[in-house]
Amino acid sequence: MKDLKHISKFLSLVLRHKPEKIGLTLDANGWANVDELLQKISRNGVSLDFETLEQVVISNDKQRFAFSEDLSRIRANQGHTVQVDLEYEALVPPAFLYHGTVPKFLDAIQAQGLQKMQRLHVHLSADLETALKVGGRRGKPVILKVDTERMHADGFAFYRSKNGVWLCEEVPARYINFTYETKQS
Ligand code: HQG
């Protein structure tokens, strides 16, 4: 497994979604034991050493993974579908945050607001460029602007992952500006 991006994708799979794929167990806070991870990945066909794993963690474009201080454990910073507690602290969000999505979801979002779907949280971005990239994974992106200041004032909790992604439980439709993109263009 030489290609760092390929390793990163595989790590996302086992540290966020399917640890059982290689017989790995995450603890309640999403941590995997590093030696066990390396052994179990290697047992599944390809050898991965600690130095390469460290390179993946350090060079990852979105800083998706983190080691514990003593480097004995590793976890994904956000994006899980397995139930883990990432120990996020509630924070005051910026006045607005953005969500990148695609046109085919708009009717449902208008009806139900933004829901976390398979993940543990709704993911919001502090800058437009990131939101465009997130939406762009699925097609022509549409940007929704969320009135996070008003949501926070109304009692909704916000968290920020170690790699800067803003998270919340849901965004009711009344806080979403659906015409934001057209106003921009
Ligand atoms: C949509 C990647 C119908 C939502 C990215 C999104 C991000 C609804 C999709 C991170 C809905 C869920 C997360 C509703 C929301 N009805 N559709 N009520 N509410 N949706 O992948 O935000 O590279 O779970 O708009 O960059 O796209 O993996 O969430 O399109 O940071 O690190 O349902 O994943 O990061 O999709 O992406 P996702 P997301 P990584």
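Preceding this section is the structure that the text describes.
The paragraphs below set out a description of the structure included in this document. Remember, it's a predicted structure, so these values are computed and weren't measured experimentally.

Thresholds, definitions, all that
- Residues numbered from 1 in each chain as written.
- Predicted model: local features only at pLDDT ≥ 70, side-chain atom pairs only at ≥ 80, totals over all residues.
- Heavy atoms only, no water.
- Core = buried A, V, L, I, M, F, W, Y, C linked by side-chain atoms within 4.5 Å.
- Buried < 20%, exposed > 50% of the residue type's maximum accessible area, 1.4 Å probe, protein only.
- Helix = DSSP H or I, 4+ residues; strand = E, 2+ residues; numbered from the N terminus.
- Contact = heavy atoms within 4.5 Å.
- Phe/Tyr/Trp six-rings, centres within 6.5 Å; stacked < 30°, edge-to-face > 60°.
- Lys NZ or Arg CZ within 6 Å of the ring centre and 35° of its normal.
- Near = heavy atom within 4 Å.
- Polar contact = N/O pair within 3.5 Å; in protein donor to acceptor, adjacent residues only side chain to side chain.
- Areas by Shrake-Rupley, 256 points an atom, 1.4 Å probe, with all protein chains shown as cover.
- Pairing = 2+ DSSP bridges.

## Quick notes on the nonpolar core
And then number 1: Grouped together as the largest cluster of nonpolar side chains are 25 residues, with contacts concentrated most on Leu11, Leu15, Leu37, Leu53, Phe65 and Ile74.
And then number 2: Of all elements in the fold, only helix 1 (4-17), helix 2 (34-43), helix 3 (50-59), strand 2 (65-67) and strand 3 (73-76) reach the threshold of two or more residues within this core.
And then number 3: If one sorts the elements of this core by residue count, helix 1 sits on top with five residues.
And then number 4: Setting aside anything within four residues of it in sequence, one finds Leu37 in contact with Leu11, Val14, Leu15, Ile22, Leu24, Leu53 and Ile74.
And then number 5: Counting residues in each nonpolar core, the second largest holds 16 residues, with Leu124, Val142, Val146 and Val171 among its members.

## What about the packing of aromatic side chains?
And then number 1: Overall, the coordinates contain three aromatic pairs when judged by the stated rule.
And then number 2: Summarising the aromatic geometry, the rings of Phe50 and Phe67 are spaced 5.6 Å apart at their centres and angled 40° between planes, so their arrangement reads as tilted. Here Phe67 lies in strand 2 and Phe50 lies in helix 3, a separation of 17 residues in the sequence.
And then number 3: Judged by centre distance (6.3 Å) and plane angle (35°), the rings of Tyr88 and Tyr159 are tilted. Residue Tyr88 is located in the loop between strand 3 and strand 4 (97-101), and its partner Tyr159 is located in strand 7 (residues 159-160); the two are separated by 71 residues in the primary sequence.
And then number 4: Exposure remark for Tyr159: the relative accessible area of 18% places this residue in the buried category.
And then number 5: Sitting over the ring of Trp31, Arg73 keeps its end group 4.8 Å from the ring centre.
And then number 6: The ring of Phe96 is capped by Lys145, whose NZ or CZ atom sits 4.0 Å from the centre of that ring.

## Remarks on the site of the ligand
And then number 1: Residues in close proximity to the ligand total 19 residues, the closest being Arg16, Lys62, His99, Thr101 and Arg138.
And then number 2: Residue Arg119 places a side-chain N or O atom 2.8 Å away from an oxygen atom belonging to the ligand.
And then number 3: Here Arg137 contributes a side-chain N or O atom positioned 2.9 Å from an oxygen atom of the ligand.
And then number 4: For the ligand, whose free accessible area comes to 790 Å², the fraction covered by protein is 89%.
And then number 5: Looking at the shell around the ligand, the elements that each hand over two or more residues are strand 4 and helix 4 (106-112).

## Considerations on the sheet that holds strand 1 (residues 32-33)
And then number 1: In spatial order, the strands read 1-3-2; together these three strands make up an open sheet with antiparallel pairing. The sheet is open, and its two edges are formed by strand 1 and strand 2, each paired on a single side.
And then number 2: Where strand 2 and strand 3 come together, three bridges link them in antiparallel fashion. Across the sheet, residue Phe67 finds its bridge partner in strand 3, namely Ile74.

Shape descriptors only; they carry no functional weight alone.
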